[in-house]
Amino acid sequence: DHCPKPLLPAGGRPLIAWHLERLARAGFPQVVINHAHLGARLEQALGDGSAWGLSIAWSREPQALETAGGIANALPLLGEAPFLVINGDVWCDFDPGRAHTIAAQMDAAGLQAWCVLVANPAHHPQGDFGLDGGLLRETDTGLRLTFSGIGVYRPSLFAGLRRGERAPLGPLLRAAAAAGRAGAERHWGRWTDVGTPQRLAELDAELRQEARDAGVFGAP
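Residues numbered from 1 in each chain as written. Predicted model: local features only at pLDDT ≥ 70, side-chain atom pairs only at ≥ 80, totals over all residues. Heavy atoms only, no water.

(A) Structural detail: empty space enclosed by the protein. What the rule picks out here adds up to one cavity of 30 Å³ or more. Taken as a whole, the largest cavity holds about 60 Å³ of empty space. Taken together, His19, Arg22, Leu23, Ile86, Cys92, Phe94, Pro96 and Ile150 make up the full set of residues lining the largest cavity. With three residues, the single largest contributor to the lining of the largest cavity is helix α1 (residues 15-25). (1 Å grid on protein atoms, 1.4 Å probe; cavity = no way out; pocket = protein on both sides within 12 Å on 5 of 7 lines; lining within 4 Å. Points joined across faces, edges and corners; volume = space filled by probe spheres on them. Helix = DSSP H or I, 4+ residues; strand = E, 2+ residues; numbered from the N terminus.)

Structure follows, in structure tokens:
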């Protein structure tokens, strides 16, 4: 009610700071952040991104447009090449530098989307998509995995959406998968969907314990 989810602290820093640090290390100079709920607090906390060696542009939404709607609204800031999208309310040790290789693979295969999948968490045992030979599959048979909220997309994936309209991402990904134009990979590392106070508290405790074990104290 009082804090945008990406600013919730985990391991001594806001969730979104973990993403910004990884993006900076991976060589991404420019980041676009979209917001609606309490967005002014995000802008006040993160500013222009110079604290991370980044340049942040802001895509402001008068009302939350959901994932695809938010991306479509931000397209003028994203350019014509494939771009990386990371949900602000997840924690993951995925290396965003992989996006450079993924974009090249998408170009070679004519793909519109590439999704990072993870093992199904306890709160989502049914998963979201299948994975078959590097392609995303919308199937009810075989192994299903959970979409991590991390993906690389072409602007053309959102061509049918009007700026400013609400739209979920799932239907676009399923349509691309059905057409054989969505790739995917499984991330075997750590991932947390910070969707409840309990999961946030558990993540915070884990990260603080790791910092203590590593001898890191007073994390910013």
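(B) The environment of Ala68, seen in detail. The topology assignment puts Ala68 in helix α3 (residues 66-74). The contact partners of Ala68, leaving out residues within four places of it in the chain, are Phe158, Leu161, Ala167, Pro168, Leu169 and Leu172. (Contact = heavy atoms within 4.5 Å.)

(C) Expanded view of the side chain of Asp128. Along the chain, the position of Asp128 falls in the loop between β7 (113-118) and β8 (129-132). Of the side chains bearing the opposite charge, Arg174 lies closest to the buried Asp128, which forms no salt bridge; the N-O distance is 5.4 Å. A distance of 2.8 Å separates the side chain of Asp128 from the side chain of His124, its partner in a polar contact. Residue contacts for Asp128: discarding those within four places in its chain leaves Glu138, Arg144, Leu145, Thr146 and Phe147. (Buried < 20%, exposed > 50% of the residue type's maximum accessible area, 1.4 Å probe, protein only. Lys, Arg positive; Asp, Glu negative; His and termini not counted. Salt bridge = Lys/Arg side-chain N within 4 Å of Asp/Glu carboxyl O. Polar contact = N/O pair within 3.5 Å; in protein donor to acceptor, adjacent residues only side chain to side chain.)

(D) Here's a closer look at helix α4 (residues 98-109). Over its 12 residues, α4 extends 17 Å from the first C-alpha to the last, a length consistent with the 16 Å expected when each residue adds 1.5 Å. For α4, the full list of buried residues reads Ala99, Ile102, Ala103 and Met106. Looking straight down α4, one finds that the buried residues subtend no more than 105° of arc, so they occupy a single side. Of the surrounding secondary structure, the elements contacted by the buried residues of α4 are β5 (83-86), β7, β10 (144-153) and β11 (182-186). At the C-terminal side of α4, Gly110 shows a positive phi close to 65°. (Expected span 1.5 Å × (residues − 1). Arc of directions from axis to C-beta.)

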